Amino acid sequence: MADQIIPPTLALAPSILVIFGITGDLARRKVLPALYHLSKDDLLPTDFEIVGTSRRPLDIDELLKVLELRLLEVDNVCDPAALQVFRQRLRFVQLDPANGDDYDALHQTLDDIETEHAVCMNRLYYLSIPPQVYGSVVASLGSRGLNQGCQHGQSESRLLVEKPFGYDYTSAEELIATTAAAFREDQVLRIDHYLAKETAQNILTFRRHNPLFASIWNNHNVQSIDIVAYEKIGIEGRIDFYEHVGALRDLIQSHLMQLLTLTTMELPPRVGDSAAVHTAKETLLDAIVPPALSDVTTKVIRAQYEDYREEVNNPDSTTETFVSIQLEIANERWQGVPIRLLTGKAMATKRTDITLCFGHIGPDTADNQLTFRIQPNEGIDIQLLVKKPGYDNAVHPASMDFSYLTTFDGHGHPDAYERVLIDAIRGDNTLFATSREVLASWRVLQPILDQWGHDSSDLRTYPIGAAKVE
Ligand code: BG6
């Protein structure tokens, strides 16, 4: 995207990005387009190479055709010259994750690239592969010495992993232990692309720089908080993935719990202090009260869109495509404020937003509220209640609306995956989830999984295109 500027102080070190699963859905839809844009906008380090791996042989020109189609689909345009420049950075190594020798061949390729560039290069391993094989790939990276930096010991390696980080609390703990055996915590970048959305990053900035709100950001003034992520799309053919995962694990455990932390955590004392940001998030997550098993049926709604079972060809599927959960934070600032997290697929519209309600007068009156629109129509809306002109005291809702599009003159902001990649290259882990955050989030959700595990009678259905599920 145009108009992005990486400040000169943020030097990007020479790096090699190894993408495991280069032919997969995520690489095609998100990672490769993001890399193409960064390359086209000249935002990548001069010494930067991409090594794709996959189990099957691959023709790079075929891969580029797929990328071109994707770019045309999303941007309506693909610059052939930029695509050729991008191609020059791209290599392929066939790798069977179960074959140790293949990791040695990869190791050799990385050393060769470094020799060609005559510079030490950081090594970034992006696991764009099914979660079931993460563990074994990470273990092999460790046992074959790929977790080290360059051959001269002057660079480092980092691991980028995609959610879901485990399937429940116990499996997350195991995954974290397997990873820790090969990579230090600061080498592991757990991607939550919602954190890399410009509008999500704006939450802390907004809170820090508007003292108008600082004194009312608490349970004396906020009556409720709703965090909503609805999508119009269904599961888009990701049958195996979705059947295994469902909406709670897919969206709530990661994206929505992270948005909740940004909204309610204490502000770290200094801007740009990654460790302080993570400590504040961990403290907040630790303060969330997990629902009691007996409350799950009243505090949690789960539902499945009509036709889902036909789509996944499983007449008995109990996988939820909609979830709404009500939580509470047991700390001085938020005690007593009901917080709802809602997500659903096949809903009427796509919207992700966070609403803090300051005043709810009655069912027929609009609320006094502040809404962060994470996407689309990115911005912030403050809804005020004013007197309607006339001889009585009728109240009318009036909106004060900030929109990125109008305020910033239509200039684009970095796509979330572009931001993820730049941060990975420069080794800034602020926007990635720590293992403590991952476990703290699972701790909150585990009672729901436990309850669902032995009773599915609460599962409802909703029509495709529903505006809400109640
Ligand atoms: C992913 C989920 O993490 O986020 C998908 O696995 C979901 O199921 C996607 O569709 C939504 O991302 P975005 O950026 O389009 O809101």
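Asker: Describe helix H7 (residues 198-209), listing the residues and the values that go with them.
Answerer: Relative to the 16 Å expected for 12 residues at 1.5 Å per residue, H7 spans 16 Å between its end C-alpha atoms, a close match to the ideal helical length. Turning to H7, its buried residues number three or more, namely Thr199, Ala200, Gln201, Asn202, Ile203, Leu204, Phe206 and Arg207.

Asker: Which residues make up the sheet that holds strand S2 (residues 48-54), and what are the values?
Answerer: Overall, mixed pairing links the 7 strands, which are arranged S3-S2-S1-S4-S5-S6-S16 in an open sheet. Edge positions in the open sheet fall to strand S3 (90-94) and strand S16 (432-433), since each of these has one partner strand only. Both strand S4 (residues 122-127) and strand S5 (residues 157-162) contribute to a ladder of 5 bridges, which runs parallel. Note that in S5 the partner of Leu127 across the bridge is Val161. Relative to the sheet, helix H14 (residues 416-426) contacts strand S1 (15-20), S2, S4, S5, strand S6 (188-191) and S16, its axis offset from that of S5 by approximately 155°.

Asker: Before we move on, could you go through the packing of helix H1 (residues 25-40) against helix H2 (residues 60-75) and cite the residues and values that matter?
Answerer: Following both chains from N to C, one finds H1 and H2 inclined at 90°, their axes separated by 10 Å at the closest point. In terms of their interaxial angle, H1 and H2 are classed as roughly perpendicular. Facing Arg28, Arg29, Leu32, Pro33, Tyr36 and His37 of H1, the residues of H2 in contact are Leu63, Val66, Leu67, Arg70, Leu71 and Asp75. Residue classes in the contact of H1 with H2 are distributed as 7 nonpolar, 1 polar and 4 charged.

Asker: Please give an account of a negative patch on the surface that cites residues and values.
Answerer: Taken together, the side chains of Glu306, Asp307, Glu310 and Glu311 present a region of like negative charge at the surface. Its location among the elements puts Glu306 in the loop between strand S9 (300-305) and helix H12 (308-311).

Asker: Any chance you could break down the site of the ligand for me, citing the residues and the numbers?
Answerer: Near the ligand the following residues occur: Lys163, His193, Tyr194, Lys197, Glu231, Arg238, Asp250, Leu251, His255, Lys345, Lys350 and Gln375. Within the side chain of Lys197, a nitrogen or oxygen atom sits 2.6 Å from an oxygen atom of the ligand. Protein contact buries 84% of the 400 Å² of open area that the ligand shows by itself. Among the elements that take part in the shell around the ligand, helix H9 (residues 239-264) stands out by supplying 3 residues, more than any other. Considering only residue class, the shell around the ligand consists of 2 nonpolar, 3 polar and 7 charged.

Asker: Help me get a handle on the pairing of strand S12 (residues 351-359), residues and values and all.
Answerer: Burial analysis of S12 places 8 of its 9 residues in the buried class, the great majority of the element. Sheet analysis places strand S7 (residues 224-230) next to S12, joined by 7 bridges and oriented antiparallel. If you follow Val228 over to S12, its bridge partner there is Asp353. By the bridge criterion, 7 bridges tie S12 to strand S13 (residues 368-375) in an arrangement that is antiparallel. If you follow Leu356 over to S13, its bridge partner there is Leu370.

Asker: So what's going on with the environment of Phe213? Which residues, and what values?
Answerer: Mapped onto the secondary structure, Phe213 falls in helix H8 (residues 211-214). Residue Phe213 is classed as buried on the basis of its relative accessible area, which comes to 11%. Considered as a pair, Phe213 and Val323 are 110 residues apart in the sequence and their alpha carbons are 30 Å apart. Among residues more than four places away in sequence, those in contact with Phe213 are Phe206, Leu370 and Ile382.

Asker: Quick rundown of H9? Include the residues and the values.
Answerer: Maximum bend of H9: about 95°, positioned at Gly246. By the criterion of burial, H9 is predominantly enclosed, with 21 of the 26 residues buried.

Asker: Explain the side chain of Ser274 to me, and be specific about the residues and the numbers.
Answerer: Mapped onto the elements, Ser274 comes out in helix H10 (residues 274-287). Residue Ser274 is classed as buried on the basis of its relative accessible area of 15%. Here Thr430 takes part through its side chain, which lies 3.4 Å from a polar atom of the side chain of Ser274. When residues no more than four places from it in sequence are discounted, the contact partners of Ser274 are Asn429 and Thr430.

Asker: Run through the packing of aromatic side chains, naming residues and quoting values.
Answerer: Taken as a whole and assessed by the stated rule, the structure comprises 14 aromatic pairs. Residues Phe20 and Tyr125 carry aromatic rings whose centres are separated by 6.5 Å and whose planes lie at 55° to one another, so their mutual orientation is tilted. With a gap of 105 residues between them, Phe20 in strand S1 and Tyr125 in strand S4 connect regions that are remote in the sequence. Neither residue differs from the other here; Phe20 and Tyr125 are each classed as buried. An aromatic cluster is present here, built from Tyr230, Tyr242, Tyr305, Tyr308, Phe322 and Tyr462 joined pairwise through their rings. For the cation-ring pair, Lys197 lies above Tyr194, with the distance from its terminal atom to the ring centre recorded as 4.7 Å. When the ring centre of Tyr167 is taken as origin, the NZ or CZ atom of Arg249, which lies over that ring, is 3.6 Å away.

Asker: Let's hear about the pattern of salt bridges: which residues, and what values?
Answerer: Here the structure, examined in full by the defined rule, presents 28 salt bridges. In this structure, Arg28 and Asp25 form a salt bridge, with 3.3 Å as the shortest nitrogen-oxygen distance. Remark: Asp25 and Arg28 occur in helix H1; sequence separation between them is 3 residues, near one turn of the helix. With its nearest N and O atoms 3.3 Å apart, the salt bridge here joins Glu114 to Arg123. The pair formed by Glu114 and Arg123 is uniform in burial state, with each residue classed as buried. Taken together, the shared-partner salt bridges in this structure form one network comprising Asp25, Arg28 and Arg29.

What counts and how
Residues numbered from 1 in each chain as written. Predicted model: local features only at pLDDT ≥ 70, side-chain atom pairs only at ≥ 80, totals over all residues. Heavy atoms only, no water. Helix = DSSP H or I, 4+ residues; strand = E, 2+ residues; numbered from the N terminus. Expected span 1.5 Å × (residues − 1). Buried < 20%, exposed > 50% of the residue type's maximum accessible area, 1.4 Å probe, protein only. Pairing = 2+ DSSP bridges. Contact = heavy atoms within 4.5 Å. Axes fitted to C-alpha atoms, helices over the stretch in contact; angles between N-to-C directions. Parallel < 35°, antiparallel > 145°, perpendicular 65-115°, else oblique. Nonpolar A, V, L, I, M, F, W, Y, C, P; charged D, E, K, R; others polar. Patch = residues over 30% accessible without salt bridge, like charges linked within 9 Å, V, L, I, M, F, W, Y side chains within 5 Å. Areas by Shrake-Rupley, 256 points an atom, 1.4 Å probe, with all protein chains shown as cover. Salt bridge = Lys/Arg side-chain N within 4 Å of Asp/Glu carboxyl O. Lys, Arg positive; Asp, Glu negative; His and termini not counted. Charge placed at Lys NZ, Arg CZ, Asp CG, Glu CD. Near = heavy atom within 4 Å. Polar contact = N/O pair within 3.5 Å; in protein donor to acceptor, adjacent residues only side chain to side chain. Bend = angle between axes of the 7 residues up to and from the residue. Phe/Tyr/Trp six-rings, centres within 6.5 Å; stacked < 30°, edge-to-face > 60°. Lys NZ or Arg CZ within 6 Å of the ring centre and 35° of its normal.

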